[in-house]
Amino acid sequence: ALPISERGGKLDRHYYRDNTEQPYDDKARAFMTTVSLELARSGIDAEGRAKRLYAKGGAKRVLDEIDHVHSDYVGGIYLRTLADIDKLSPAELDRAITIAGNFSSDYERRQTLTHVFEKQPFDAAHQVTFLHQAAKFSSDYDRAETLVGVVPQLADSPDVRQAWFEAARGLNSDYDRRRTYEAM
């Protein structure tokens, strides 16, 4: 345990192991660093943390940190926050699309991909990459919502249309397939 209190304007730390107070030494500091980092990566103030990471190291720093978080939910917050902060470079956008596309949760994948699509400029090549990620959805609902939602912003390109139709072809639900094709 590591109770921390304020005393006279300074932090007063006590480090306990097996109910016995131990000196607040390098071992205690290492423990505190590990615990603090794990708490931060668990999602506490994820939006604020993403902004602080961006301020310290730009989009690369935020994207690198996502590799260390333990949930799609937290990774999604980081990516959505990043998309709101600034225009991503083409390489950063590729990386963001790939990260979101690899989320195991279809819901988080849809929420994050569509947010990034709405907030960032996508050329035809990035739209194809985006649509390939959309094709990974196992949920017909999430795939259909994604495909229907992006139709008005799609580039007039044969490659984009082909990627969109390939993603739509994977829909198994008659209802979702119909409403998706009607949107195009």
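Above this text sits the structure in question.
Residues numbered from 1 in each chain as written. Predicted model: local features only at pLDDT ≥ 70, side-chain atom pairs only at ≥ 80, totals over all residues. Heavy atoms only, no water.

**Some remarks on the overall build of the chain**
Here is step 1: A count of helical and extended segments in the chain gives nine helices and four strands.
Here is step 2: When the helices and strands of the chain are listed from N to C terminus, the series reads β-β-β-β-α-α-α-α-α-α-α-α-α.
Here is step 3: In summary, the chain has a C-alpha radius of gyration of 22 Å against a globular reference of 16 Å for 184 residues, an excess of more than 25%.
Here is step 4: The principal-axis extents of the C-alpha atoms in the chain amount to approximately 65 × 30 × 25 Å.
Here is step 5: If you take every contact in the chain between residues at least 6 apart in sequence, the share linking residues at least 24 apart comes to 58%.
Here is step 6: Put simply, the chain shows about 10,100 Å² of open surface, and 50% of that area lies on carbon and sulfur atoms.
Here is step 7: Across the chain, 26 positive and 30 negative side-chain charges occur, with their mean positions spaced 3 Å apart. (Helix = DSSP H or I, 4+ residues; strand = E, 2+ residues; numbered from the N terminus. Rg over C-alpha atoms; globule rule 2.2 N^0.38 Å. Contact = heavy atoms within 4.5 Å. Areas by Shrake-Rupley, 256 points an atom, 1.4 Å probe, with all protein chains shown as cover. Lys, Arg positive; Asp, Glu negative; His and termini not counted. Charge placed at Lys NZ, Arg CZ, Asp CG, Glu CD.)

**Some points on the packing of helix 2 (residues 46-66) against helix 3 (residues 72-85)**
Here is step 1: For the pair helix 2 and helix 3, the least separation of the axes is 9 Å and the interaxial angle reads 85 degrees. Our classification of the angle between helix 2 and helix 3 gives roughly perpendicular. Contact residues: helix 2 offers Ala46, Glu47, Arg49, Ala50, Lys51, Leu53, Tyr54, Ala59, Val62, Leu63, Glu65 and Ile66, while helix 3 offers Val74, Gly75, Ile77, Tyr78, Leu79, Thr81, Leu82 and Ile85. (Axes fitted to C-alpha atoms, helices over the stretch in contact; angles between N-to-C directions. Parallel < 35°, antiparallel > 145°, perpendicular 65-115°, else oblique.)

**Comments concerning the environment of Asp174**
Here is step 1: With respect to the element layout, Asp174 can be found in helix 9 (residues 174-183).
Here is step 2: Asp174 gets classed as exposed once you look at its relative accessible area, which sits at 58%.
Here is step 3: Sequence separation between Asp174 and Asp140 is 34 residues, and the spatial gap between their C-alpha atoms is 9.7 Å.
Here is step 4: Reaching out from Asp174, the side chain makes a polar contact with the side chain of Arg177 at a distance of 3.1 Å. (Buried < 20%, exposed > 50% of the residue type's maximum accessible area, 1.4 Å probe, protein only. Polar contact = N/O pair within 3.5 Å; in protein donor to acceptor, adjacent residues only side chain to side chain.)

**A word on the environment of Ile97**
Here is step 1: With respect to the element layout, Ile97 can be found in helix 4 (residues 90-101).
Here is step 2: For Ile97, a relative accessible area of 1% translates into the label buried.

**Comments concerning the nonpolar core**
Here is step 1: Counting 39 residues, the largest nonpolar core has Ile66, Tyr78, Leu79, Leu131 and Trp164 as the members making the most contacts within it.
Here is step 2: Among the elements of the structure, helix 2, helix 3, helix 4, helix 5 (106-119), helix 6 (124-134), helix 7 (140-150) and helix 8 (158-169) are those that each provide at least two residues to this core.
Here is step 3: A total of seven residues in this core trace back to one element, the largest contributor, which is helix 2.
Here is step 4: Among all residues touching Ile66, those that are not within four sequence positions of it are Gly75, Tyr78, Leu79 and Ile99. (Core = buried A, V, L, I, M, F, W, Y, C linked by side-chain atoms within 4.5 Å.)

**Some words on the packing of helix 5 against helix 7**
Here is step 1: Relative to each other, helix 5 and helix 7 sit at 10 degrees, their axes nearing to 9 Å. On the basis of their axis angle, the class for helix 5 and helix 7 is roughly parallel. From helix 5, Asp106, Tyr107, Arg110, Thr114 and Phe117 reach across to helix 7, where they touch Tyr141, Asp142, Glu145, Thr146 and Val150.
Here is step 2: In the contact of helix 5 with helix 7, the residues fall into four nonpolar, two polar and four charged. (Nonpolar A, V, L, I, M, F, W, Y, C, P; charged D, E, K, R; others polar.)

**Side note on the pattern of salt bridges**
Here is step 1: Counting across every chain of the model gives 17 salt bridges.
Here is step 2: Here Asp45 ties to Arg52 by a salt bridge, and the two come within 3.1 Å at their closest N and O atoms.
Here is step 3: With a shortest N-O distance of 2.9 Å, Arg179 and Asp176 are connected by a salt bridge. On the criterion of helical spacing, the pair formed by Arg179 and Asp176 is a turn pair, its members being three residues apart in helix 9.
Here is step 4: Judged by its relative accessible area of 15%, Arg179 is buried. (Salt bridge = Lys/Arg side-chain N within 4 Å of Asp/Glu carboxyl O.)

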